[in-house]
Amino acid sequence: MADALVAASIQIVLEKLVSATTDVIGEAFGGFKEELEKLKGSVAMIQAVMADAEKKQVQNQGVQLWLKRLEGVAFHADNLLDEINYEFLRRRMEAQNRLKQKVCLFFSTSCTFAFRWRMASKVKNLNMKLKSINQEAAGFGLSRSQMGGGAYVSPLPAMSRETDSIARQNVVGRDTDASNIVGTLLSSSAIVVSVIPITGLGGLGKTTLAQLVYNVPEIDRQFDKKIWVCVSRNFEVTRLFKLILESLTKRKVDVESRESIVQEVRREIEGKRYFLVLDDVWNERSELWEDFIHSLVGISTTNGNWILVTTRNIEVATRVATHPPYSLSKLGDDDCWSIVKEKVFPSGEVPKELEALKSRIIKRCQGLPLAATVIGGLLRIKRKEEWPAISESGFARLLGGEENSVMQLLKLSFDHLPSASIKKCFAYFSIFGKGFVMSKLNLTSLWMAEGFLQPRFENEVLEDIGNEHFNILLQSSLLEEVEKYDPFSHIDDRYCTMHDIVHDLAQSVLRSNSITDENCRYLLLPSFDEETQGNLKSRSSSLRTLIVNGTVESGEVFLKLKYLRVLRLPLVTSEELPTSISKLIHLRFLDLSLSRFKALPESICKLYNLQTLVLSTYLNPATFKELPDGMRNLINLRHLLFFTPDSKFRMPKGMGQLTCLKTLQFFNIGKEEGCKIEEVGCLKNLRGQILIRNLEFVNAKREAEQADLLSKSNLNDLVFEWGSGREGEYNDEDVLEGLLPHPNLQSLYVKNYMGSQFPRWLMNMSIAKYNMYGSLRRLDRLVKLVLVDCKMCEDAPALGRLPSLEFLALDGLDKLTCLGRSFYDMDDRRASRNNSSSEVSNTLFPALKSLVLSEMPNLREWMDAQAESRRESNEDVKVFPILEDLTINKCYRLVNAPSNFPSLKSLKIQKIDKLQPVKKICSNATNLSAVWIKGMADLTHVQDVLNGLNLQSLILEKCPELVDIHGCGTSLRALSILECENIRKLPEDLHQLQNLDSLVVMGCHNLETIPIPSGHKGLTSLKDLRIGYCNGLTSLPAEMLEARSSLLSLMVCKCPNLVSFPIDLRQMPSLVSLALFGCPKLTTIPKGLDQVSSLSMLHVGPFFDSHTENEWLSALASSSVQKLSLVGQPQSASLPVQLQYLTSLTALGLHGFGAEVLPDWLGNLASLEELRLDGCEKLQHLPSTAAMRRLTKLKFLGIFGCSLLQKNFTPGATSEWPKVSHISHGHFEDEPIGAY
């Protein structure tokens, strides 16, 4: 696989060389145009033999070495031509800035002889090397391909896969999946052949599931014939029918004629109902599938036949499916553990040595049954002493790379990637750690910077190529899409990660990603020290990507790596970026997000190749007030990833000259020329999201129109913001009228708008898009609308007919008194005219899923549109048919609300004076499952509002008169009661809530008891119990925690009068987290602390006597706890010395201790990965540098509310930085975070 990637690397670079050697460069410099033409010819000759070279390298070591040498020369050529291109750009920019008339005239008079001579000499030398390489190719007998353009075909994978229909015994965790698919197969079908695909990552168990389904008795009764065919790579239609015939007749078929085979198949299945499994399908060619299905339908016209397809390629599944593909999910932790146990000890008790490694082993399995089987098999043949190492190892090292079945399965997906470019993109992801989550924008920008994305035709956009590659890797299950909240991401941004085992594959493909490898080109350093610095210097000629975590005093050392395309600096303690950054002329991607520079040097604007610039979102707005003036010179900049909340931040003049710019997260309008809104109008290629601030500086509608948002079809997420606290007259209505967006708009956010009404396009949600006929287009793609602090507006826009609107927030519309007919758009019959479906036209807010009404103090009436429609015209109108989440916050005067929310699942109510609107909302909300009520002064009895509802989750917070919480049903799974002062006891029948798995009671100072009748074993499903800040609580019943096998987390804190709570951890065999702190009268430690193997997290303290402290720490020494948070007291001048013996700890938190210096024995905790220091106000110093350096696994250091220590981390102070430079992540906050 590694050699295949070398060939892929060469292919990409050669294609770049051909496109880079342009006539323009040759003519601009003169003197070596002929040599550039020779270069083109040499490259073309090498491209022609690449396919044969890749094929022969498998068995010919000489060809392998030839490819390695060629790779080095190709990268050297890439650097050389990039240098020439940079010089071309530099001279062009200088010419423009000096207002020269012609570029060519400038070059002819200004281009120095020295540069021409030096470049000509280098190109000539390069041609000699390529000539030699071409001669060697002839010596190896490499044949020239007629494919053109250097295209070549990857070799077939080493493993040929064959499956059968025999179901495995004791399949774990797939009963529900099998039942779901069988249910689909048994359903009636009115077509001849129906197809349902099973999709998922290799090793997930798609074939196993198909085997289960195939052998279910109901399938035998439903179908006359069953057929199993393993398709694998070769989707040749005649071959498929031959395999179908062999499955039907149970004999080998020697006939080769398709006609004969198809006729034989007809005789077997004509007039019968059949079930066909096509296992392991890879074919992406739709014409082959259509040919196959056409013949199959013609063979037998009986309805109700089914095909079950297994494939790891989502595109294949989508193409063949007549029913939605069944996406197979990962196995749960318990199922993976069952497989491992069964494999290691098929008929015996699991030893404690294996049980202790449970969490690590489960993490390695990553939900893959094949991985669990492989790990279990390996553990079985190894000695117990070797088990910890196995639980920590990656698959590639663990099982010898590609010689194991997991790797072989995943290798198939890699081999099937359609181009060298995509293979390189896949392998590149492996430089990031396992579990790393990255945005699509960042990932594709990195691919682009490295030159992996090359346009195939004129004007093809690189980002579109990157999106295509991204989707292919998702479809191949080599990347996984994940959800991640990012306040700075736009509506279309997506995130991905890589399965741990896939990551092992990618690492084995890339290989050269270690600083000790002389051919290393892509490198991520988790930390930085003197040895690393020395190694970096020797890699200056090869390294192209460098991503550094940790901390350094200066970034100067990295600026000597002159061929870098990608650089992410670590946390640099210096407040200035060196001016020598301009020497990195090849740089395309620069990430400074970890550092907090006061300013960027003007020299950064000489990086004319720069495509992506990432700056920190934490830059101090008090010091970092502007970008360099020369930013307009970064003519290749495509993505400026920088956001500041500071509306006074000054934009550089002339941003409109950055015509390649696609991502600009904000634009602060200024009063000066070159900083006005017209600059946005020049940025024709903007995509995604932009925040336009300081709109009060725009003087009129015509000026606003200069932003030309109407023409920006890819700008789908707009934020408009005026300054707050303005006085005098406003022209906001004219300005917003001029900010007409493109009809593709998906998200709109408007803040501090002071018009008394919204402009026509916003009120009507329609855009005038004039052509030769003239037309008015509704904002039908709008998914999200947020209106915030539009304090003068008296009416809300007409939103009820928008077909795609999913999220709506109205916040701070002070003058809004009613949400009535215009809000629902009930007077607009355009929907009926434009849509023939009465179902659509009679539905208001058809797509709305989430609605927020917040801080509207004068809102009194929220009209019931359904009742109004019936009263007015006797029409039955559907309103909010799929609304699931409703939040009403600080609408104090609201007295009326609708009463029909058929799909409502979650309701959040905060600070409403009257109960009536809440009662109406809940009256018919039959699907309501979660309610959060906060700050309702009139609420005394829950059943007054929620009577009859069968909730699953209820949160009651700051309801001072609440005395009774009965009336929330018997299906409650989560109950939280927070700061309800009048609650004195929980319900007597609390123990009858058999489904309750979370109970939280906090800040109820008058709570006296939690009744659990003696002899009752209630709350048997409880997983999470938290009780705290209850001053009146003196005891807790022992019955609460008897035989609680389901309990995972237990917290009791800050109950100063609690004297009795007998805890026996042996009654809680699944407990993972235990927190007992701030209860000074509770002096006995829990029983069985050292006997619960599942317990991994403990938060405890402070200890008020040495006896209790010794008891706890002695028990901890033999426990399974790996993460410890220890609470001390301000008078505790030292840490408990017993801590130094807890060497298995991976995380340690120290809270509220009075020590000034941390002891050096802290360095003995060699397994420590996280260290958090919280509220240690006297602490000034960490342990010595030598002690901190012994913590080689430490990845995170958090310092919160330790002001004296934090002063020693500021520049110029007696620095603690050398002690932590090897730590990849640090976090510092002025305020403590711990609850102690």
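Procedures and definitions
Residues numbered from 1 in each chain as written. Predicted model: local features only at pLDDT ≥ 70, side-chain atom pairs only at ≥ 80, totals over all residues. Heavy atoms only, no water. UniProt positions renumbered as here; feature names shortened; annotations may be inferred. Helix = DSSP H or I, 4+ residues; strand = E, 2+ residues; numbered from the N terminus. Buried < 20%, exposed > 50% of the residue type's maximum accessible area, 1.4 Å probe, protein only. Contact = heavy atoms within 4.5 Å. Areas by Shrake-Rupley, 256 points an atom, 1.4 Å probe, with all protein chains shown as cover. Disulfide = S-S within 2.5 Å. Pairing = 2+ DSSP bridges. Core = buried A, V, L, I, M, F, W, Y, C linked by side-chain atoms within 4.5 Å. Axes fitted to C-alpha atoms, helices over the stretch in contact; angles between N-to-C directions. Left-handed = near helix turned anticlockwise from the far one by under 90°. Nonpolar A, V, L, I, M, F, W, Y, C, P; charged D, E, K, R; others polar. Patch = residues over 30% accessible without salt bridge, like charges linked within 9 Å, V, L, I, M, F, W, Y side chains within 5 Å. Salt bridge = Lys/Arg side-chain N within 4 Å of Asp/Glu carboxyl O. Lys, Arg positive; Asp, Glu negative; His and termini not counted. Charge placed at Lys NZ, Arg CZ, Asp CG, Glu CD. 1 Å grid on protein atoms, 1.4 Å probe; cavity = no way out; pocket = protein on both sides within 12 Å on 5 of 7 lines; lining within 4 Å. Points joined across faces, edges and corners; volume = space filled by probe spheres on them. Parallel < 35°, antiparallel > 145°, perpendicular 65-115°, else oblique. Polar contact = N/O pair within 3.5 Å; in protein donor to acceptor, adjacent residues only side chain to side chain.

For the protein, the name recorded in an unreviewed UniProt entry is Disease resistance protein RGA3, with Coffea arabica as its organism. Taken from UniProt, the Sequence similarities (unreviewed entry) comment for the protein reads in full: "Belongs to the disease resistance NB-LRR family."

A closer look at the overall build of the protein
Along its length, the protein carries 39 helices and 45 strands. Per-residue burial over the protein gives 54% buried out of 1236 residues. Look at the contacts in the protein between residues 6 or more apart in sequence, and 64% of them connect residues 24 or more apart. Summing over all exposed atoms, the protein offers an accessible surface of approximately 52,600 Å²; the carbon and sulfur share of this is 48%.

Details of the state of the cysteines
One pass over the structure, following the stated rule, counts zero disulfides. Sulfur of Cys959: no disulfide; nearest cysteine sulfur belongs to Cys980 and is 5.0 Å away. Note on Cys1030: no disulfide assigned, nearest cysteine sulfur contributed by Cys1055 at a separation of 5.0 Å. Relative accessible area serves as the criterion here: at 0%, Cys1030 is assigned to the buried category.

Side note on the sheet that holds strand E7 (residues 480-482)
Strand order in the open sheet formed by three strands is E6-E8-E7, and the pairing between neighbours is antiparallel. Edge positions in the sheet fall to strand E6 (438-439) and E7, since each of these pairs with one other strand and no more. Here E7 runs beside strand E8 (residues 495-497); their pairing, made up of three bridges, is antiparallel. Counterpart to Glu481 in the pairing with E8 is Cys496.

Thoughts on the nonpolar core
Leu546, Phe720, Tyr824 and Trp862 are the most contacted members of the largest nonpolar core, which totals 223 residues. Residue contributions to this core peak at four residues, all from helix H36 (residues 1106-1117).

Focus on the pairing of strand E31 (residues 885-889)
The pairing of strand E28 (residues 850-854) with E31 spans five bridges and is classified as parallel. Following the sheet pairing, Leu853 is matched in E31 by Ile888. Of the strand pairs in this sheet, E31 and strand E32 (residues 906-910) are connected by five bridges, and their pairing is parallel. Paired with Asp885 across the strands is Ser906, a residue of E32.

Here we look at the packing of helix H10 (residues 237-249) against helix H11 (residues 258-269)
At their nearest, the axes of H10 and H11 sit 9 Å apart, and the two run at 35° to each other. The interaxial crossing formed by H10 with H11 has left-handed handedness. Residues Val237, Thr238, Phe241, Lys242, Ile244, Leu245, Leu248 and Thr249 of H10 pack against Arg258, Ile261, Val262, Glu264, Val265, Glu268 and Ile269 of H11. A breakdown of the residues in the contact of H10 with H11 according to their chemical character gives nine nonpolar, two polar and four charged.

Re a negative patch on the surface
On the surface, a cluster of negative charge is made up of Asp913, Asp938, Glu961, Glu979 and Glu981. Tracing the backbone through its elements, the reader meets Glu979 in the loop between strand E35 (974-978) and strand E36 (998-1002). Residue Glu979 is classed as partly exposed on the basis of its relative accessible area of 40%.

Focus on empty space enclosed by the protein
Evaluation of the coordinates by the stated rule reveals six cavities of 30 Å³ or more. What the second largest cavity holds in volume is close to 60 Å³. In this structure, the second largest cavity is lined by Ser9, Ile12, Val13, Lys16, Phe75, Lys424, Glu450, Gly451, Phe452, Tyr522 and Arg544. Ranked by residue count, the leading element in the lining of the second largest cavity is helix H1 (residues 2-20), at four residues. Taken together, the residues that form the lining of the second largest cavity break down as five nonpolar, two polar and four charged.

A look at the packing of helix H3 (residues 33-56) against helix H4 (residues 61-97)
Running from amino to carboxyl end, H3 crosses H4 at an angle of 150°, the nearest separation of the two axes being 12 Å. Judged by the angle between their axes, H3 and H4 are roughly antiparallel. The interaxial crossing formed by H3 with H4 has left-handed handedness. Along the contact surface, H3 presents Leu36, Leu39, Ile46, Val49, Met50, Ala53 and Lys56, while H4 presents Val63, Trp66, Leu67, Leu70 and Leu81. Here the contact of H3 with H4 is composed, by residue class, of eleven nonpolar, no polar and one charged.

Let's talk about the side chain of Glu460
Following the sequence through the fold, Glu460 ends up in the loop between helix H22 (440-449) and helix H23 (462-475). Overall, the relative accessible area of 13% leaves Glu460 in the buried class. Here Arg456 takes part through its side chain, which lies 2.4 Å from a polar atom of the side chain of Glu460. Setting aside chain neighbours within four positions, we find Glu460 in contact with Pro455 and Ile465.

Comments concerning the pattern of salt bridges
A complete count under the given rule lists 44 salt bridges for this structure. Of the charged contacts in the structure, one is a salt bridge between Arg118 and Glu83, with a shortest N-O distance of 3.2 Å. Here Glu83 lies in helix H4 and Arg118 lies in helix H6 (residues 113-139), a separation of 35 residues in the sequence. According to the relative accessible area criterion, Glu83 is buried, its value standing at 16%. Of the charged contacts, one joins Lys684 and Asp708 as a salt bridge, the two residues approaching to 3.0 Å between their closest N and O atoms. Taken as a pair, Lys684 in the loop between helix H26 (678-682) and strand E19 (689-693) and Asp708 in the loop between helix H27 (701-705) and strand E20 (717-721) lie far apart in primary sequence, 24 residues in all.

A look at the sheet that holds strand E1 (residues 193-199)
Taken in spatial order, the five strands of this open sheet run E2-E3-E4-E1-E5, and their pairing is parallel. With partners counted over all chains shown, the strands left at the sheet margins are strand E2 (225-232) and strand E5 (326-327), one partner each. In the sheet, strand E3 (residues 274-281) pairs with strand E4 (residues 305-311) via four bridges, with the strands oriented parallel. Following the sheet pairing, Val277 is matched in E4 by Leu308.

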